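A look at the structure
Take a look at the letters that make up each chain.
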Amino acid sequence: MVKFLRMLAISAREGTATRKYPFESSLVTPEFRGRVDIDPAKCVGCGACVRICPPSALTLNYESDEVVLKYFIGRCIFCGMCAYVCPQDAITITKEFELATPELNDLYDEVVHTAVKCNVCGKPFTTVKLVKEVEKRIDGGDMSPLFNTCPECRRKLTARRVGSGVTGVSVE
Ligand code: SF4
Ligand code: SF4
């Protein structure tokens, strides 16, 4: 009984400690990290966010003429690493946390990029926007020779050239 009275006294002194959510607005602190928002205008499809994302909530999908950056909220742990590494400041960590939905598609977000295809194997391997961004950053230089061929084919071509140089025999 004494304990109960003591608790009543504390309660009267401290006031209400909880909120009548959802009838009152929720308490979201400045540090709170919610749903990730990707700005399609700023994103160049570099994939830095995909590589850093611990639970693979972000993926880059290479589909014929397109490179699609996909965000699956169901996997996101709201760590904020993607926003930290994005070189374009394309990612905002919002305060949004009311994410329940009966529609699975509501849990996905995507940014669609035009792909650059390899002139050797034909596979899409980067985005047109990324090539333009790199060209801009190296003072208008033409990056097309470098971005005509995918890294895998470039490695093979280089190995063939090196092999031919060492042995004097052309390697197919
Ligand atoms: S790091 Fe930024 S620019 Fe690169 S793919 Fe992710 S959102 Fe786009
Ligand atoms: S907040 Fe963390 S888990 Fe969520 S998409 Fe970004 S890096 Fe991945």
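See the structure shown above.
For the structure given in this document, a descriptive report is provided here. Values in this document were obtained by computation on a predicted structure and should not be read as measured data.

Some points on the packing of aromatic side chains
Aromatic rings in a pair are described by how distant their centres are and how their planes are angled relative to each other. Under the criterion given, the structure shown has 3 aromatic pairs. Seen in terms of ring centroids, Tyr21 and Phe97 are 6.1 Å apart; in terms of plane orientation they differ by 40°. Their pairing is tilted. Here Tyr21 is found in the loop between α1 (2–14) and β1 (36–38), whereas its partner Phe97 is found in the loop between β4 (91–93) and β5 (108–117), with 76 residues between them in sequence. By relative accessible area, which is 39% here, Tyr21 ends up partly exposed.

Things to note about α1
The end-to-end C-alpha distance of α1 is 18 Å, a good match for the 18 Å that 13 residues give at a rise of 1.5 Å each. Counting buried positions along α1 gives 0 out of 13 residues, so the element sits mostly on the surface. Downstream of α1 by a residue or two, Gly15 has a phi angle that is positive, lying close to 80°.

Looking at the site of ligand 1
Near ligand 1 you find 13 residues, and of these Cys43, Cys46, Gly47, Cys49 and Cys86 are the closest. Its residues placed into classes, the shell around ligand 1 shows 10 nonpolar, 3 polar and no charged.

Considerations on the sheet that holds β5
Reading across the sheet, the 4 strands line up as β2-β3-β5-β6 and stay open at both edges, with antiparallel pairing between neighbours. Each end of this open sheet is capped by a strand with a single partner; those strands are β2 (58–63) and β6 (124–127). For this sheet the average axis-to-axis angle between neighbouring strands, irrespective of direction, equals 40°. As judged from the 6 bridges shared by β2 and strand β3 (residues 66–72), these two strands associate in the antiparallel manner. Paired with Leu58 across the bridge in β3 is Tyr71.

Concerning the site of ligand 2
The local shell around ligand 2 consists of Val36, Cys53, Pro54, Pro55, Leu58, Tyr71, Cys76, Ile77, Phe78, Cys79, Gly80 and Cys82. When the residues that make up the shell around ligand 2 are grouped by side-chain class, the tally is 11 nonpolar, 1 polar and no charged.

Criteria and thresholds
- Residues numbered from 1 in each chain as written.
- Chains lettered and ligands numbered in written order.
- Predicted model: local features only at pLDDT ≥ 70, side-chain atom pairs only at ≥ 80, totals over all residues.
- Heavy atoms only, no water.
- Phe/Tyr/Trp six-rings, centres within 6.5 Å; stacked < 30°, edge-to-face > 60°.
- Helix = DSSP H or I, 4+ residues; strand = E, 2+ residues; numbered from the N terminus.
- Buried < 20%, exposed > 50% of the residue type's maximum accessible area, 1.4 Å probe, protein only.
- Expected span 1.5 Å × (residues − 1).
- Near = heavy atom within 4 Å.
- Nonpolar A, V, L, I, M, F, W, Y, C, P; charged D, E, K, R; others polar.
- Pairing = 2+ DSSP bridges.
- Axes fitted to C-alpha atoms, helices over the stretch in contact; angles between N-to-C directions.

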